[in-house]
Amino acid sequence: MNRRHLVALAALATCAAAAPAWAQSNEIRIAHIYSKTGALEAYGKQTQTGFMMGLDYATGGTMTINGKKLVVIEKDDQGKPDLGKSLLAAAYSDDKAALAVGPTASGVALAMLPVAEEYKKILIVEPAVADSITGDKWNKYIFRTGRNSSQDAISNAVAVDKPGVTVATLAQDNAFGRDGVKAFGAALKKAKLVHEEYLPPTTTDFTAGAQRLIDKLKDQPGRKIIWIVWAGAGNPFKIVDLDLKRYGIEIATGGNILPAMAAYKALPGMEGAAYYYFGIPKNPVNEAMVSAHYKEFKTPPDFFTAGGFSAAMAVVTALKKTNGDTNTNKLISTMEGMSFDTPKGKMTFRKEDHQAMQSMYHFKIKVDPAFAWGVPELVHEIKPEEMDIPIKNKR
């Protein structure tokens, strides 16, 4: 082989080595780590649908920002904290993701937070809810578009916190359930909380737990409410069959995905507060998402579809402001205090803990034969400024 051939081969090798770097310089790689499988698979699937729809909408269908192509790398954490942790590390190091979005479960999110700090790259948490994510376990690389337990709890307290009301809670024995009840209890100012019932996340028979709740509430004077905070499998609303009416006990809960809200049909008049329901917000972004979702799936978008869409809106808004620059410090300073449009209206990342301040919706359930679920009718939009969401990260 002569010298000219060797030079040509060397040049080719150099080009081959440089190609991925060149490709990457023309790309913005975003990792989306979520429960493709596992207990929260339904939530994960909706988030993914909403995220892709949101990127498409926010970029006007081009999937590019400032000439750079958005590339989404999907990973399945199966709802397992250790797996989520290693997938995020691989996304930042091997896949060269500029930032990441996810995960679905709070336990997985808590395992992932230190990884974002180690790699000094942004993680936008959507939809994991536990307060501790933007609270004592937070670091400056963490932003959350999803609502936190305090936003859930304070808005739900608005619906039931009245003088003469006695409340007991039923929740999953995990970060989501315990943080939810803690925040709800702290938000109650007039009602009295007499009992907290925690059951394994996989519970299918709620009889024993319900009996303990009934025993605590049945002899209380005034209005008696069991507030339920539950995610994933199992139907805690089965406890209605235990003749709660005989004791004058009512059920209250937050919004949920449409299949879970089928159980609400048995509870007309039930009040609570929802993160999202497709028929409530009136704004151009929600109209666009609802219309695109009906067109593609012949069904309305759901709870977590709106969350994924909101995360996409945050990502694109930030990257447009930096002209496609993915430098982490630049992104952090851009995103702190940043407002962005979502299907729920305007959200703003609070500077202190990067939690998205957002509206919640006080609803009352109406039964409409046209829908397979109990329809949450808007009583009142609870605006961000109406909720005193505590800052818990001791920044």
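Residues numbered from 1 in each chain as written. Predicted model: local features only at pLDDT ≥ 70, side-chain atom pairs only at ≥ 80, totals over all residues. Heavy atoms only, no water.

### A look at the domain arrangement of the chain
To keep things clear, this is the line we draw: Domain extents, as shown, originate in an automatic or database domain assignment. The term buried area means the drop in 1.4 Å probe accessible area that two parts suffer when joined, counted for both and summed. We count a salt bridge whenever a side-chain nitrogen from Lys or Arg sits within 4 Å of a carboxyl oxygen from Asp or Glu. Any pair of N or O atoms that falls within 3.5 Å is considered a polar contact. Within protein, one atom must be able to donate a hydrogen and the other to accept it, and sequence-neighbouring residues count only if both atoms are side-chain atoms. Side-chain classes follow a simple rule in which Ala, Val, Leu, Ile, Met, Phe, Trp, Tyr, Cys and Pro form the nonpolar group, Asp, Glu, Lys and Arg form the charged group, and the remainder, Gly included, forms the polar group.
Partitioning the chain into domains gives domain 1 (27-147 + 282-358) and domain 2 (150-274 + 361-386). With centres defined by C-alpha atoms, the gap from domain 1 to domain 2 works out at 28 Å. Summing the contributions of domain 1 and of domain 2, the shared interface buries around 1600 Å²; its carbon and sulfur component is 56%. Our count for the contact surface shared by domain 1 and domain 2 stands at one salt bridge. When the shortest N-O distance is used, the salt bridge between R147 and D152 registers 3.0 Å. Our count for the domain 1 to domain 2 interface comes out at eight residue pairs in polar contact (both at pLDDT 80 or more). In the side of domain 1 that touches domain 2, the residues fall into 13 nonpolar, six polar and four charged.

### So, the sheet that holds strand β15 (residues 360-366)
Which entries qualify depends on this criterion: Here, strands pair whenever DSSP counts at least two bridges between them. For the purposes of this entry, the term helix denotes a DSSP run of H or I that reaches at least four residues, the term strand denotes a run of E that reaches at least two, and both are numbered from the N terminus. Only C-alpha atoms enter the line fits that serve as axes; for helices the fit covers just the stretch in contact. Angles between N-to-C directions range over 0 to 180 degrees.
Pairing in this open sheet of three strands is antiparallel, and the strands run β11-β15-β16 from one edge to the other. For this open sheet the edge positions go to β11 (271-274) and β16 (375-382), each flanked by a neighbour on one side alone. Neighbour to neighbour, the strand axes of the sheet diverge by 35° on average, direction disregarded. Alignment of β11 against β15, held across four bridges, turns out to be antiparallel. Considered in β15, the bridge of E271 is made with K364.

### Points about the UniProt feature "domain: Leucine-binding protein" (unreviewed entry) in the chain
What counts here: UniProt positions are given in the numbering used here, feature names are shortened, and annotations may be inferred rather than shown by experiment.
Per the UniProt annotation, the sites labelled "domain: Leucine-binding protein" (unreviewed entry) are residues 27-366. Annotated as 36% helix and 23% strand, the span residues 27-366 places its first and last C-alpha atoms 47 Å apart.

### Here we look at the sheet that holds strand β4 (residues 99-101)
A sheet is described by the order of its strands in space; here six strands give the open sequence β2-β3-β1-β4-β5-β6, paired in mixed fashion. What marks the edges here is a single partner per strand, and that holds for β2 (64-65) and β6 (142-144). Pairing analysis gives three bridges linking strand β5 (residues 122-125) to β6, with the strands arranged parallel. Bridged to V125 within β6 is R144.

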